[in-house]
Amino acid sequence: MTVQLDRLANGFRIVSEHMPGLQSAAIGVWVTAGGRHERAEQNGIAHFLEHMAFKGTTNRTALQIAEAIEDVGGYINAYTSREVTAYYARVLAGDVPLALDVIADILLNPLFDAAEIEVERGVILQEIGQTHDTPDDVIFDWLQAESYRDQPLGRSILGPSERVRTFTREDLARFVGEHYGPGQMILSAAGAVNHDELVRMAERLFGHLPPLERGAVMPARFTGGEARRERDLEQAHFALALEGPGYRDDEIHTAQIYAGVLGGGMSSRLFQEIRERRGLCYTIFAQAGAYADTGTTTIYAGTSAEQIAELAGITIDELRRAASDITAEELERARAQMKAGLLMGLESSSNRAERLARMVQIWDRVPPLEETVARIDAVSLQDLRAFAEHMATQAPAALALYGPIAAAPSLNRLQERRAA
């Protein structure tokens, strides 16, 4: 399997990987226009735009878009993140040209019908309401807002209801005009694909687009802070974020291994100490999230009102303990889990296409898999312990609490415990 990357004269990039033995392909266009590219008054518009993707173009009705893909047994969807919006499909090999034609039509010829805008406005408002009723969803939005306060990266992807209620057709078209240039688009495909044919199709469909100049993205700055929301729920929800490295940072793989040791599975420290030994919760985990220029290690747990203070305190104690006694066995276990997750995930053409697009978005190249594995293997016990020491004692922190949290310690109290 060989990765190939090309760029059209206008900056449009095409990356693909042929996977022998597959009869299908995953293909899509990833646009580097997500939540962090919105101005304050635009918050939520990238996601609104994604919702409008399948609501009709100047060439196809909404039904014709769905039928074009489903008539050949395919699947089409889209999503919005803080750094990209993706439009993608999964089809049989012979239907790749059709899938790309439909995706290009969605991107280049949106109708933005007024009636459909109102329908999707209602759908998104319902989605926002559902999120607010789902504690282990909304708490991460609050944690993000405290981690990157007063910055585009800290705003929710869905946006506030009051903004969503006001977006117009002109607002949607303006955001497309500001961000959907060829240099911001990456055509990524994996599976039963021919790279040269993809380049030819891309040239025909996207080669005429003029380059787009757009302003620089605001660099991320981890601020830290605390959000507390009292509510009569069954559980108290606890989420702690510590500033970590971004994807371009040399320590990104150390951060990912550290999160695995701390709370990446049933054998992890937090799971064993807080759930298995003390029975303080059902769910607890740690994960390392990253963007192009920043990242966080996040710890989440749900527990009772009576046990939230104990759970929070032990979490801090485990952070401190990890700084001094992480073992070589823990390092090797987390390393193995990380590599296995990476390699197993790449057995899927959809996951490969996603990875290719993400790598090109971050580095403008696709590091060979062997290079990534070598970087994971290069993390030493000394590296891991030094990183753990920094996270336990120096890394800026943010805290979000939701539910019956009257007994929960403040961020300041937790910081004092870190420093004790």
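Conventions used here
- Residues numbered from 1 in each chain as written.
- Predicted model: local features only at pLDDT ≥ 70, side-chain atom pairs only at ≥ 80, totals over all residues.
- Heavy atoms only, no water.
- Pairing = 2+ DSSP bridges.
- Helix = DSSP H or I, 4+ residues; strand = E, 2+ residues; numbered from the N terminus.
- Axes fitted to C-alpha atoms, helices over the stretch in contact; angles between N-to-C directions.
- Contact = heavy atoms within 4.5 Å.
- Parallel < 35°, antiparallel > 145°, perpendicular 65-115°, else oblique.
- Left-handed = near helix turned anticlockwise from the far one by under 90°.
- Nonpolar A, V, L, I, M, F, W, Y, C, P; charged D, E, K, R; others polar.
- Buried < 20%, exposed > 50% of the residue type's maximum accessible area, 1.4 Å probe, protein only.
- Polar contact = N/O pair within 3.5 Å; in protein donor to acceptor, adjacent residues only side chain to side chain.

Re the sheet that holds strand S9 (residues 284-290)
Remark on secondary structure: sheet strands pair via backbone hydrogen bonds, oriented parallel or antiparallel. The five strands lie next to each other as S7-S11-S8-S10-S9, forming an open sheet whose pairing is mixed. Looking at the sheet topology across the chains shown, the edges are occupied by strand S7 (225-230) and S9. With direction set aside, neighbouring strand axes in the sheet form an average angle of 15°. Inspection of the sheet shows S7 paired to strand S11 (residues 397-403) by six bridges, in the parallel sense. When the bridges of S11 are listed, Glu230 appears paired with Gly403. Running at roughly 170° to S9, helix H9 (residues 252-263) makes contact with S9 and strand S10 (295-303) of the sheet. With respect to the sheet, helix H16 (residues 411-419) is in contact with S7, strand S8 (236-244) and S11, its orientation differing from that of S11 by roughly 130°.

Section: the packing of helix H3 (residues 96-108) against helix H8 (residues 195-206)
As a packed pair, H3 and H8 sit with axes 11 Å apart at the nearest point and diverge in direction by 30°. Our classification of the angle between H3 and H8 gives roughly parallel. H3 and H8 meet at a crossing whose hand is right-handed. Of the residues in H8, those in contact with Val96, Pro97, Leu100, Asp101, Ala104, Leu107 and Leu108 of H3 are Leu198, Met201, Arg204, Leu205 and Phe206. For the contact of H3 with H8, a count of residues per class yields ten nonpolar, no polar and two charged.

Some words on unusual backbone geometry
Despite not being glycine, Phe112 shows a phi value in the positive range, around 50°. Along the chain, Phe112 turns up in the loop between H3 and helix H4 (114-132). For Phe112, a relative accessible area of 6% corresponds to the buried category. Of note in the backbone geometry, Asp150 takes a positive phi value of approximately 60° without being a glycine. Tracing the sequence through the fold places Asp150 in the loop between helix H5 (135-147) and helix H6 (161-164).

Quick notes on the side chain of Glu120
Assignment of secondary structure puts Glu120 in helix H4. Residue Glu120 is classed as buried on the basis of its relative accessible area of 7%. Polar contacts involving the side chain of Glu120 include one to the side chain of Lys55, which spans 3.1 Å.

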